[in-house]
Amino acid sequence: MAFTPMAFSSTDTTLPATIGDVKTVSDDMDIFWLMFGAILVFFMQTGFAMLEVGSVSIKNTKNILIKNIGDASLGAICWWLLGYGVAFGDTSGKFIGTNNFDLKGALFEADDGTLTNGYSYASWLFQWAFAATAATIVSGAVAERVSFNAYIIYSVILTSFIYPVVVHWGWAGGWASAWRETDLLFGCGVIDFAGSGVVHMTGGLAALCAAIVVGPRTGRFNEDGTANTLPQQSAVLQSLGTLILWFGWYGFNGVSTLYIVGFAGVAAKTMVTTTISAAFGAVTTVLLGKFNLGHWDGGAANNGLLAGLVGVTAGCSTCEPEGAMVIGIISGFVYTYSSKMLVMLKIDDVVDAIPVHCFCGAWGVFAASLFATKDNYGMAYYDRADKCAGAFYGGAGNAVGANFVFILAVTAWVVATCTALFMGIKMTVGMRVDKEMEQIGMDDSKHGGQTYPEMMKGTTAA
Amino acid sequence: MAFTPMAFSSTDTTLPATIGDVKTVSDDMDIFWLMFGAILVFFMQTGFAMLEVGSVSIKNTKNILIKNIGDASLGAICWWLLGYGVAFGDTSGKFIGTNNFDLKGALFEADDGTLTNGYSYASWLFQWAFAATAATIVSGAVAERVSFNAYIIYSVILTSFIYPVVVHWGWAGGWASAWRETDLLFGCGVIDFAGSGVVHMTGGLAALCAAIVVGPRTGRFNEDGTANTLPQQSAVLQSLGTLILWFGWYGFNGVSTLYIVGFAGVAAKTMVTTTISAAFGAVTTVLLGKFNLGHWDGGAANNGLLAGLVGVTAGCSTCEPEGAMVIGIISGFVYTYSSKMLVMLKIDDVVDAIPVHCFCGAWGVFAASLFATKDNYGMAYYDRADKCAGAFYGGAGNAVGANFVFILAVTAWVVATCTALFMGIKMTVGMRVDKEMEQIGMDDSKHGGQTYPEMMKGTTAA
Amino acid sequence: MTTSTIPSLTSSDPDYLLQSATLGDVASLAGDMDIFWLLFGAILVFFMQTGFAMLEVGSVSIKNTKNILIKNIGDASLGAICWWLFGYGVALGDTKGRFIGSNAFALKGSHFEADDGTLTNGYSYAMWLFQWAFAATAATIVSGAVAERVSFNAYIIYSVILTSFIYPVVVHWGWGGGWASAWVDEDLLFDCGVIDFAGSGVVHMTGGLAALAAAIVVGPRTGRFNEDGTANTLPQQSAVLQTLGTLILWFGWYGFNGVSTLAINGLAGVAAKTMVTTTISAAFGAVTTVLLGKLNLGYWDAGAANNGLLAGLVGVTAGCSTCEPEGAMVIGIISGFVYTYSSKMLVMLKIDDVVDAIPVHCFCGAWGVFAASLFATKDNYSAAYYGDRVDKCAGAFYGGDGNAVAANVVFILAVIAWVSATCMALFLGINAVVGMRVDKEMEQIGMDDSKHGGQTYPEMVKGATVA
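All of these numbers come straight from a predicted model, not from anything done at the bench.

(A) Broad picture of the state of the cysteines. As enumerated under the stated definition, the model contains 3 disulfides over all chains in all. Across a sulfur-sulfur distance of 2.0 Å, Cys192 of chain C and Cys393 of chain C are joined as a disulfide pair. Its S-S torsion of approximately -90 degrees makes the covalent link between Cys192 of chain C and Cys393 of chain C left-handed. Taken as a pair, Cys192 of chain C in the loop between helix H4 (152-174) and helix H5 (200-218) and Cys393 of chain C in helix H12 (residues 390-393) lie far apart in primary sequence, 201 residues in all. Taken as a pair, Cys192 of chain C and Cys393 of chain C share a single burial class, namely buried. Cys319 of chain A takes part in no disulfide bond, and the closest cysteine sulfur, belonging to Cys316 of chain A, lies 7.3 Å away. There is no disulfide at Cys360 of chain A, and the cysteine sulfur nearest it, in Cys358 of chain A, is 9.3 Å away.

(B) A look at the UniProt feature "domain: Ammonium transporter AmtB-like" (unreviewed entry) in chain A. Mapped onto this structure's residue numbering, the UniProt feature "domain: Ammonium transporter AmtB-like" (unreviewed entry) falls at residues 33-452 of chain A. Structurally, residues 33-452 of chain A comprises 66% helix and 1% strand, and the distance from its first C-alpha atom to its last is 41 Å.

(C) View of the interface of chain A and chain B. Taken together, the contact pairs 76 residues of chain A with 71 residues of chain B. Across the chain A to chain B interface the summed buried area is about 6,500 Å²; carbon plus sulfur atoms make up 79%. Joining chain A to chain B, the criterion identifies 1 salt bridge. Lys104 of chain B is the partner of Glu322 of chain A in a salt bridge, and the nearest nitrogen-oxygen pair spans 2.7 Å. Along the contact surface separating chain A from chain B lie 8 residue pairs in polar contact (both at pLDDT 80 or more). Put simply, the parts of the chain that give the side of chain A that touches chain B at least two residues each are helix H1 (19-55), helix H6 (235-254), helix H7 (264-293), helix H8 (298-313), helix H9 (321-344) and helix H11 (374-380) of chain A.

(D) How the structure looks around the interface of chain C and chain A. With 76 residues of chain C at the interface, the matching set in chain A holds 70 residues. Interface of chain C and chain A: buried area, both sides summed, is about 6,300 Å²; carbon and sulfur atoms make up 79% of it. Three residues, Leu23, Val240 and Trp300 of chain C, lead the burial of chain C against chain A; their summed loss comes to 12% of the area buried on that side. Put simply, chain C and chain A have 1 salt bridge between them. Note that Glu326 of chain C and Lys104 of chain A form a salt bridge whose closest N and O atoms lie 2.7 Å from each other. At the junction of chain C with chain A, the criterion picks out 8 residue pairs in polar contact (both at pLDDT 80 or more). Of all the elements, helix H7 (residues 268-297) of chain C adds the most residues to the side of chain C that touches chain A, at 14 residues. When grouped by side-chain class, the residues that make up the side of chain C that touches chain A number 53 nonpolar, 16 polar and 7 charged.

(E) Spatial organisation of the relation of the copies chain A and chain B. Between chain A and chain B, the superposition needs a rotation of 120 degrees and an axial shift of 0.0 Å, giving an RMSD of 0.0 Å. Seen this way, the second copy is the image of the first under a three-fold rotation axis. Little of the interface of chain A is mirrored in chain B: 16% of its interface residues are interface residues there too.

(F) Focus on the UniProt feature "domain: Ammonium transporter AmtB-like" (unreviewed entry) in chain C. Those residues carrying the UniProt feature "domain: Ammonium transporter AmtB-like" (unreviewed entry) are residues 37-457 of chain C in this numbering. For residues 37-457 of chain C, the end-to-end C-alpha separation is 41 Å, with 66% helix and 1% strand making up the annotated structure.

(G) Region of interest: the pattern of salt bridges. Evaluated as defined, the whole model comprises 27 salt bridges over all chains. Of the charged contacts, one joins Asp348 of chain A and Arg217 of chain A as a salt bridge, the two residues approaching to 2.8 Å between their closest N and O atoms. With a gap of 131 residues between them, Asp348 of chain A in the loop between H9 and helix H10 (353-371) and Arg217 of chain A in the loop between helix H5 (196-214) and H6 connect regions that are remote in the sequence. Neither residue differs from the other here; Asp348 of chain A and Arg217 of chain A are each classed as buried. Its salt-bridge partner being Asp187 of chain C, residue Arg98 of chain C comes within 3.4 Å of it at the nearest N-O pair. Here the residue Arg98 of chain C occupies a position in the loop between strand S1 (95-96) and strand S2 (100-101), and Asp187 of chain C occupies one in the loop between H4 and H5, the gap between them amounting to 89 residues. Connected through salt bridges with shared partners, the residues Glu144, Arg217, Arg220 and Asp348 of chain A form a single ionic network.

Rules used throughout
Residues numbered from 1 in each chain as written. Chains lettered and ligands numbered in written order. Predicted model: local features only at pLDDT ≥ 70, side-chain atom pairs only at ≥ 80, totals over all residues. Heavy atoms only, no water. Disulfide = S-S within 2.5 Å. Helix = DSSP H or I, 4+ residues; strand = E, 2+ residues; numbered from the N terminus. Buried < 20%, exposed > 50% of the residue type's maximum accessible area, 1.4 Å probe, protein only. UniProt positions renumbered as here; feature names shortened; annotations may be inferred. Contact = heavy atoms within 4.5 Å. Buried area = accessible area lost by both parts, 1.4 Å probe. Salt bridge = Lys/Arg side-chain N within 4 Å of Asp/Glu carboxyl O. Polar contact = N/O pair within 3.5 Å; in protein donor to acceptor, adjacent residues only side chain to side chain. Nonpolar A, V, L, I, M, F, W, Y, C, P; charged D, E, K, R; others polar. Least-squares fit on C-alpha atoms with pLDDT ≥ 70 in both.

Below, the structure written as structure tokens:
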């Protein structure tokens, strides 16, 4: 507790400083920034847990809680052993990373090969929090009927393989990445700054496949095609979760600059556009809900907020506030009507994860290629702004091409692998709990008893 | 993900560094600091939401939740289009700001007129979070009977106009601001560092006007003048909200230095005085509660904590820990007895927002002019300490004059505009829901059904 | 709100940005960043109070809701007052016989002044805040264990004494100028001092041992144990709140462990690696405990996931900055075993711990201190502590001479002796004077009704009075 900072070997403060002295401080600040972001994004796990538990019936409370802790815990183990290497290891054919597994390898060593490369450790932490987010999206959609064994299998495979491959494509050495000097997709690479596509569309598509394979909850749809609203235990917990997600999203989007030195202005503007899109997403969805349902719907406010946040995640660093407004408004429409469409298709999504993450995610990637201004692109990315700026701001259209191809490729990859995965699970261990267990709820049968023993009549003490 | 920081044009780290190199890193750190604070203050929205929902009856749960999400969302839109410019634009007659609306204008551009001024974007975000706080204070006081249309109208006007004008007066180019070199009120300007007056008194006074105009909840007061305690759904949520508010308050007070470089010591001491005042506020109020009510009251602990926090917000950077102790203790008294007074006056405030924010806010502004030491004033403000230090620490009394005038002016401005606003709403769309809706609760009639359908007897499924 | 110049770099020369910078300019920037770092950590650790509050309230019966909530607010509030007046000085003041600090009380004294004696030493204020948040954590651990039957007066007395004296003395020993501290230059315990980076021993074992003493003295809740030696599960109001609390604790733990570097300049890499090992141990703690729970109970237990997570976090807290990820894995797995079986043992001994605070904090804390002396690598020790002691002080599994094992074992024994002795005296004294326990009737109907103005959830619970 008595030590002094180690940066300066000399205590004579009147000596001239070198660039190296300044750079030491600057590098430490970048690591600080990344840890700050990692912690914020990790807190989104708490948000998802509250949102999901608030949305299910009381009889499945403990089941959803243990899954959320599992997403973070199992996620950390998978990300450690496999995920980070698949995502950020040296590329094999621009398709997949092949080393730096297990926090070992050149990435995690300093130049002299022995000491720790602190920045890489911070980056591992930041990216782990993103990976856990992608995995969590699924568990909300298929809650209340998916089996625990199925959940464990898909969580592991999603976090170890399916999601990291998309990360490799979009953000690392993969074929669609913009973070390279040469050989770029359409001369630009995809604009998906914080992951409307990489994270949200991937999670949302996995949720879509899972929801189709597992089927709707018993009693969700009637024979005449209408849908029933099943009990939701607490709007309070859902709102708490949503607000925590908004809070964490400033780390998700803002800290995706990955550096603060030289990027503080980009980060600040990113947080502003994030705010504006979220606000317009919420207001639009509430108004649409009033129009469609006739009441001011609290759930619409929550999901509209999230829709606006997902929508702006790809373009948050490159759009102007006005662009963010348009992105948020359209996200509200995309959410509202894709949610209706899923009901018509009898796909049962307990927390509306598919409309929010899959459809608004895809919209977000597309929007990023429309609304990127040259100034912002130049600051957040590289000096390719003339070619790669958004179609609405004088870009040559290459960004639209790149982003469109990326959307299609991610859709193909995730749908193919996830359908195989979930069909495989269905045919082996089974995707779904049996009818009786679904009826009485999973807490009683799998998790040692009901929640709220003091409030619920006829329950066993936990 | 592969880019290198931009701060240093040369990679030869042995070259001598210039002041410019140091300043680049330093500016980025200041922006980081402000974003850090903005995110913490934004999280206070979650705190207010939990506190308010915990304080109302179950039948109005969704109603209060959607309002809280609206305060942040609508608030962002209003702050974007109007509020920030009114508050921080170039002054017109030291009364109101007149430009930099809509995130446009010189403030948001770098020196060369094209690039982004990152600091201003961060400042916008920080100040938006403050504005949302001011608006939220009202919704707690008038919960359970105010109409949704009325809520939307007053939220918009408060965030776009009434509150930003006070900000302009106290913190920007206005007549009472201390952040200027010349032409200061009493030669000093007001000491209201983080806004006991600007934010809390403004929000609390608006809440007072609203509560008077809308009238008490049905059943709150008996004909003989006694009051009934109406059902509060959950002390847990109220405490969760309070603790989240305390957490966020470190951003509210500590980061109000607005810079970390050169102000880190001020920020650290500010967080310490904030802690001490909160602690004494809680302990004092609990003891007064035990004395008055005969039991150890959890609500007193929560509101006493908040009273201590509001009280120290104006003087947090300029008082000593002993001063913070006195401020916290007196805040406990102010809260306890102003709360009693409101009950005697038959003004119904669901969450005790008026005692906490209005009365402790006014006390806080006054206290700041008493307890500011010369050393602390010199570090947090300017070199006018001999004239402007607190009356108890050798100041010449100018600070007392300035702060007192500011309290009166804010009271006059907010009471006049808010009374006009709420009376106007009352005469047009109406301030209050009808009797029947109040009886059965707003969730059923306006928001699509009751919360907790599984726990409450005789409710419809949500 | 001032103009946007760097105060330390003011100059009227228009070309001053091009003038050469001195080490002093850079050092002043670095100093401010270190304070920022510490404030960041303090706020995160403070948020753990919210986590403990939710965890504890979720674990008790509805009838004691307000009682546990007011205690948690009290831990932070009373804790701040005690830490201000006494605690910080006892912990981090100048040492007296390497046993106890003897100045810097009430935020006064040279610690809190800059070199010129008038201005504020910002770093010390930030340190006060950071250490206050730790102290509040230690105090809170007790209230969970003895919930639902301890009297409010007893709670106030032990909180004050724990935060003002018992805990700060341990801090002085382990982190201040005390006999076991590694942060002094000479005269070190086994030439190394204890490796307890963020406080598996200093904070968690201390809190956990105090909880153990309190639980023994106060006795189990009525109805917890049957005459035939079996135990009943008493009602827990909400698994949701318990989980919310646990997740908030995990969030705050990144401040607890990561920011315990106490500076960011030169130590950012250590902090980043520390957060990674913290994550890995937490993950393996949770998974191990859930699997053990499935094996022992036959179902997937959400409580096991929560407490296993916390077990992994407590276990890695001492060695977080010095172990490798593989070491963190082993620490987390063993923490899961330590938690599961020490929890069973307490039930067999008929010690009633409402939130399992003793297994998590006391037993996993002790394991954590021991583990730190096994798994510290030379590279990591050198980066987090001092380079010139590394051959002697690295972990036993990574080529150290065994001095660290000896120092850490002695520290564990000393903390056990100190906390057990002082806390037994404290709690027996309270029991003899004001009484540790509420009366039978109040325990039956719950403390909210009788002491805190009425039941929680008046609208949901039958027979509750309106609050």
